[in-house]
Structure formats: C-alpha cells, structure tokens
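Report on the structure
This is what each chain is made of:
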Amino acid sequence: MTEKKLKVDGDELRGLLDGRWAHVRERAREVLQGDLYAPVHGLTVDEHRARTLSQLKALAGTEMPAYGFPESVGGKNDIGASVVAFEMLVADLSLMVKMGVQWGLFGGAITALGTDRHHREYLPDAMSVELPGCFAMTETGHGSDVQNLRTTATYDPATEEFVVHTPDEAARKDYIGNAARDGRMAVVFAQLHAGGGEHGVHAVLVPIRDADGRPMPGVRIEDCGTKAGLNGVDNGRLWFDQVRVPRGNLLNRYGDVAPDGTYSSPIESPGRRFFTMLGTLIRGRVSVAGGAGSAAKAALAIAIRYSDTRRQFTRPSEDGPAQEVRILDYLAHQRKLLPALARTYALHFAQEELVSRLHDLSRAERPDERAQRELESRVAGLKAVATWHASETIQTCREACGGAGYMAENRIPQLRADSDIFTTFEGDNTVLLQQLTKSLLTDFRDSFGDLDQRGLVRFMAGKVFETVIERTAAIPLIERLVSAAPGRDGEDALYNRGWQLELLEDREKHVVEGLAARLRRAGKDGGDAFEAFNRAQDHVLKAGRVHVDRVVLEAFVAGIDRCGDKATAKLLNRLCDLYVLSLVEEDRAWFLEHERLSTSRAKAVTRAVDDLCRGLRPYAVQLADAFGLRDEWLAAPIALGAEHVRQDDPVPGA
C-alpha cells in the first residue's frame, strides 16, 4: 500500500532553515540580484579579481559589513548575522572569501585583538573598503602550527617602533588573501621581542602599499598566481625587510609594550594568552564551515533538480509504449544524493547551533572560559566534518549529473574547485580533529590547548578518565528521548530516536575512553610519549569524528523539535532517520566488531536506508529548494529547465 504524500508546509520549512537570522538571509536574497552578482565563468584571473573587488565595494554600501563590527564605529555588533551573511554569498565563492578576508579576518582581527583606539582609526575604512586589508598569519614553513611562526616583530625603544622582519624563506607570509593586488595594510602575526625577552605570537598592523598601490619600503610582494579555484581572490606572498612601524600599531588587547620596552599582559600564562588570542578569531573557522555547507547545498539543488527531469533507460509497460525513467527514480541514484542531502540538513542545524553559541558568547557580560574552550573545540570539529562533507558531496553531484555536471555553465565544476581549499583553509582538517580530541580528553579546561602530544600523554598517565557526554542542544529533549529508548533488540528500535542517540553516544564513549586508556598505558610505561601519540593518531581522528556525529545528530533533533507543522516535522524526522542510519551503515564494521549491532541488525540498517531513500524521493526537490538559494545563484541550465525543454522539444530529425 502506497503511503499518502505528506502536505509539507513550504513556508514552515523555509522559516525553520532560515532560523534565528532569517532577516539576514532574506535581505541577502534581496540584495544579491542582477548582473553584478550573477555567476559567470570563463573570466581571466585579472577580470575575475576586478569583478570581485567591484562586488565587494557594492556590498560595502549595504548593511552587510556593519553586522560584525562594534556599535562604536557604526556597526551592529551582531556576530551571528555576519556569519550568516557570509554563508549566503554562494553565487561566487570568490566574493564569499574576499568578504571574509576583508571584514572577517582583517577587520575581525582588529576588532578582537585591538583596542578602542584601533577600532576608531581603522575599522570605518575597513568597513567601507577604503582600506583593503590582509590577514598575514600563514607562513611557507608553518601553516597550522601558528605558535612556531618565524616572522619577528622586535621593539626598538630608541625610536618607539617595532621592526618587522622575515628572517628566511620559511618565514615568508604565504597564500595571503588581498596581498597580490588590492591590500594596503596587513595584520601581521609575528614573534614579539621586547625588553630583552620573547613573548610569543602577537599581531601588528603593517602598511604594505601606499595610496598609489606601490609596495612600501622594505615590503616585497609576489603574486601566488593562478589557483585551482577562487581566482577572484588575489592571494599573494609577503616578505618584510626590517620594516618599521609605530609602537601603536601593536594590537594590544592581550599584550602591550610600554615606551621603554616593558612587556605586560592581563593573562600571565604565555600558553593561555596565545590560545585566548586565537580563540577570539574563531569566527573565520565558523564561517568556512557555513560557506562549505552553502556550496554543498547549491550542488545538491542542481543535481537533484536535474535528476528529477533527466530520463535514461526504459521501464517496461503492459499498458502502452515503454517509458524512459527519471534517474532519481533509480535506487542507486537516490543512494548517491539523498543521504548527502540528509547530512547537509543535519550539518545545517549544527551550524546554526554553533553560530548561536558564538554570537551569545560574544555578547556575554562576563567571559566564560570553559564555554569558550568548548566552543573552539566544537568549531574545529564541525569545520573539519562540514568541509570534508562538502568536497565529497559536490564530487558526488558532479558524477550524478554525468557529462552535464562537467560543463562549466552548470556551476558544479566551479563549486568543486572553489570549495576544495576549505578543507585546509582556516586550519587543516586533520589537525583540527586532533585539537578537538585533545579537548575531549582534557575536559575542555585542564590544559587550555597548550599540551603538545608528549604533554598530553604524560597528562593522561596521571588522570582517572571517564567520558562524560555533554549534550549541546535541547538538553531536556535529548535526555528524555535517550531515557525512553527501547532495548537494542526491538524491531522498531532502528527508527527510535532515543535508540539512535544512545547508539552514537555509546560509540563516542567507547572510542574516547579506549583512546584515553591507550594513552594512559603509554604514559605509565615511560616510553617515547610522542611516538605513543603518533601511533594512536587513527584512534585520535576517530574520536573526533564520532564526537561530531553525535553533536550533529543532537542539533538535528533539536531543530526538528522547533518545527510547528506536523507534516513537515514528520518529513524531517524521516530525513533525520536517513542521516543517522546512513552513518551507522557507513561505520557498520565498528558496530559489528564491538558487538553493538548483530549481523541481522546490520543488514536491517541497510534495508532501512533503502526504504528511507525510496520514501524521501518524492520530496527531494522540495527539500533541496527549501534552502532558499535563488535560481540566479544556481545559474545552471540543467537545474533551470533546459533538460525539460530538451525532452519536450526534441531536435528535428534526431
């Protein structure tokens, strides 16, 4: 018997996905229209860079730049809105990244690390793009290892200046957005030397070009050249040869140098100071996760629309001529796209939860160090999982569209090329998952992130460890569902949300406690602690992944609970089932090896995924369209009716 199709409330679904900052999303849909913002392809690098800069300057005339800046300089102090606005720039990811560099990284660093004086002097021009800027952190020799950057900023008390210097090729600033063409000033991260001591990495404002666009004395600039994607962003390399800047150019919120060279900081511990400074900059990492999600949504919208109209091979019919089958009707095609769609929904709700936490913490009257560390760790994990998911999903969508998916006019190749760097942008994903797992082992507070691998192994040797599952969203709801979960052997358990939550919690607890025991043994044995950690890296990465899986499921469950329409909530619950059961199927080897699933139950999971794909197929287009990406942002003929027209109006004589 065929189930009656659900009457899903499209407005309810769109409103739920638009979430807390729906007004920002709707405003972006109004602003980002017309030829200026329409996706284009085939531009030269110079043409693309010029176009992206003109787009950014046009956005400067809207409220978008104001979202993330202090009210004291005309901003709105709405960090959540700034991240959501970034996510909406999916029509051209070069503009998305250019905006992120100018207002998120350059302006955000001045906001987070500077004082009121820096805010008044620099932020208005950063917001208007009168002062295009760079975020000069990454070096050729040190990317993710920020603590060991080699650029130096040495204070000279005789002139009250910092001397910024690149000591060798490994210390050149590399891949710096806005550096190759447009940037006039850089926030340079360097080892601070003052008063005869070394004080770790700090940020200094360094002019790199004059008003006519010429490099400043002592500054050498080189273009990184053509990249695989994002060629509207002018990435470049920077060298500094004894470049002098005034003492006031130090962004001194967390560390200052007096005229005589005396160093002072409100945070005594160098390790805690460093991680506190970096923690203020996590908005960029949150934004990258959201931007990757937008790219995945666009690719899915294109691929699902196309597969809903594209026909291939015939279905035998006794009542008339054979009919060609829409490719989305094939289970194999559903299995390509629908689990990816379900995971994209899940990650969307997790991203919304993360943005809300970031926003609320930014407005807290008193800083909550533990909550901040927990947020930083979760951001690291979600950024890794979301960007990997985007890369995998966009590739799947390309394949699902066949040759049409390889054509530049259909957007998917550009989405794939532009988003690929997100897996290492704002932190290499493998390093980020290790950072998350380290925080899980140290309960987000004991080490404040300043334990290296050897330090972590030694720390674990003296620790009595027990995993405490800390839920992240709608805590009473999640606890109620888990407490009501049926036994593992019940036939209905696969679709029971409490059982699903408990299953992922149990996996996380087992993996993390197993890793802790492994590191404890290594620490007590007194062997090479670094080697012990190195040998456990597969375990470390597994712990990070399973933690994120559980957190994302909780966010999805909490999102569905906010839905006010029963039919829409029912559909989302099915999508959530597909998300979690496809995860279980993907990792069924672990569940079988650790006796969390029987062989028959593992087979039942696969059957359930098949059933869910078939059941969700009629709603696939509606679910993809609910993300609210304008047709002109997708700009792919195969998603906008070209295939339908081709089939209805075949070429004469063909």
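Residues numbered from 1 in each chain as written. Predicted model: local features only at pLDDT ≥ 70, side-chain atom pairs only at ≥ 80, totals over all residues. Heavy atoms only, no water.

**Observations concerning the overall build of the chain**
- Helix and strand counts for the chain stand at 23 helices and 13 strands.
- Computed over its C-alpha atoms, the radius of gyration of the chain comes to 26 Å, within 12% of the 26 Å expected for a compact globule of 654 residues.
- Each of the three principal axes of the chain carries a C-alpha extent, and together these read 95 × 70 × 40 Å.
- Pairs at least 24 apart in sequence give 74% of the contacts found in the chain among residues at least 6 apart.
- Element-wise, carbon and sulfur atoms account for 49% of the exposed surface of the chain, whose accessible area totals about 27200 Å². (Helix = DSSP H or I, 4+ residues; strand = E, 2+ residues; numbered from the N terminus. Rg over C-alpha atoms; globule rule 2.2 N^0.38 Å. Contact = heavy atoms within 4.5 Å. Areas by Shrake-Rupley, 256 points an atom, 1.4 Å probe, with all protein chains shown as cover.)

**Describing the nonpolar core**
- If you look at the biggest cluster of nonpolar residues, it comprises 175 residues, and the most contacted ones within it are F189 and Y345.
- Ranked by size, the runner-up nonpolar core spans 24 residues in total, among them I176, A190, V206 and V245. (Core = buried A, V, L, I, M, F, W, Y, C linked by side-chain atoms within 4.5 Å. Buried < 20%, exposed > 50% of the residue type's maximum accessible area, 1.4 Å probe, protein only.)

**Points about helix α12 (residues 429-441)**
- Between its first and last C-alpha atoms α12 spans 19 Å; for 13 residues at 1.5 Å apiece the expected length is 18 Å, and the two agree.
- Along α12, the positions that sit buried rather than exposed are N429, L432, L433, Q434, L436, T437, S439, L440 and L441.
- Where α12 starts, the residue carrying a side-chain oxygen 3.0 Å from the main-chain nitrogen of T430 turns out to be D428. (Expected span 1.5 Å × (residues − 1). Polar contact = N/O pair within 3.5 Å; in protein donor to acceptor, adjacent residues only side chain to side chain.)

**Quick notes on the sheet that holds strand β4 (residues 173-176)**
- Spatially, the three strands line up as an open sheet ordered β4-β8-β7, and their pairing is antiparallel. Either end of the sheet is taken by a strand with one partner, and the two such strands are β4 and β7 (219-223). Neighbouring strand axes in the sheet, compared pairwise and without regard to direction, differ in orientation by 20° on average.
- Two elements, β7 and strand β8 (residues 236-240), share five bridges in a ladder whose sense is antiparallel. Bridge pairing links R220 to W239 in β8. (Pairing = 2+ DSSP bridges. Axes fitted to C-alpha atoms, helices over the stretch in contact; angles between N-to-C directions.)

**Structural notes on the environment of C576**
- By the element assignment, C576 lies in helix α18 (residues 566-586).
- Put simply, C576 and L553 are 23 residues apart on the chain and 7.8 Å apart in space, counted from C-alpha to C-alpha.
- Beyond its immediate stretch of four places on either side in the chain, C576 contacts R497, L553, F556, V557 and I560.

**Overview of the environment of Q55**
- Residue position: Q55 is located in helix α3 (residues 45-59).
- The exposure class of Q55 is buried, given its relative accessible area of 1%.
- When the C-alpha positions of Q55 and N178 are compared, they lie 14 Å apart, and in sequence the two are 123 residues distant.

**Looking at the confidence of the model for the chain**
- On average, residues of the chain score 91 in pLDDT, and 93% of them reach the 70 mark or higher.
- A low-confidence stretch, residues 444-449 stays under pLDDT 50, and its non-local contacts, those more than four residues away or across chains, total 17 contacts. (pLDDT = per-residue confidence, 0-100.)

**Some words on the packing of aromatic side chains**
- The final tally for this structure, using the stated rule, is eight aromatic pairs.
- Each ring, one from F349 and one from F556, has its centre 5.5 Å from the other, and the planes form 25°; the classification is stacked. With F349 in helix α9 (residues 331-362) and F556 in helix α17 (residues 537-561), the pair connects residues that are 207 residues apart, well separated along the chain. Across the pair, F556 and F349 agree in class, each one buried. (Phe/Tyr/Trp six-rings, centres within 6.5 Å; stacked < 30°, edge-to-face > 60°.)

**A few points about the packing of helix α10 (residues 369-400) against helix α11 (residues 412-419)**
- The interhelical angle for the contact between α10 and α11, taken along N-to-C directions, is 160°, at an axis separation of 10 Å. Classified by the interaxial angle, the pair formed by α10 and α11 is roughly antiparallel. The way α10 lies across α11 gives a crossing that is left-handed. Contacts from I394, Q395, C397 and R398 of α10 reach α11 at I412, L415, R416 and S419.
- A class-by-class count of the residues in the contact of α10 with α11 yields four nonpolar, two polar and two charged. (Parallel < 35°, antiparallel > 145°, perpendicular 65-115°, else oblique. Left-handed = near helix turned anticlockwise from the far one by under 90°. Nonpolar A, V, L, I, M, F, W, Y, C, P; charged D, E, K, R; others polar.)

**Regarding the side chain of R51**
- Along the chain, the position of R51 falls in helix α3.
- In this structure R51 is buried but unpaired, with D92 as the nearest side chain of opposite charge at 5.0 Å. (Lys, Arg positive; Asp, Glu negative; His and termini not counted. Salt bridge = Lys/Arg side-chain N within 4 Å of Asp/Glu carboxyl O.)

**Focus: unusual backbone geometry**
- A positive phi angle, close to 70°, is found at V129, a residue other than glycine.
- Among the secondary structure elements, V129 is positioned in the loop between α6 (116-128) and β1 (133-136).
- Accessibility expressed as a relative area gives 5% for V129, which makes it buried.
- One non-glycine residue with positive phi stands out, namely F313, at about 70°.
- Here F313 shows up in strand β12 (residues 311-315).

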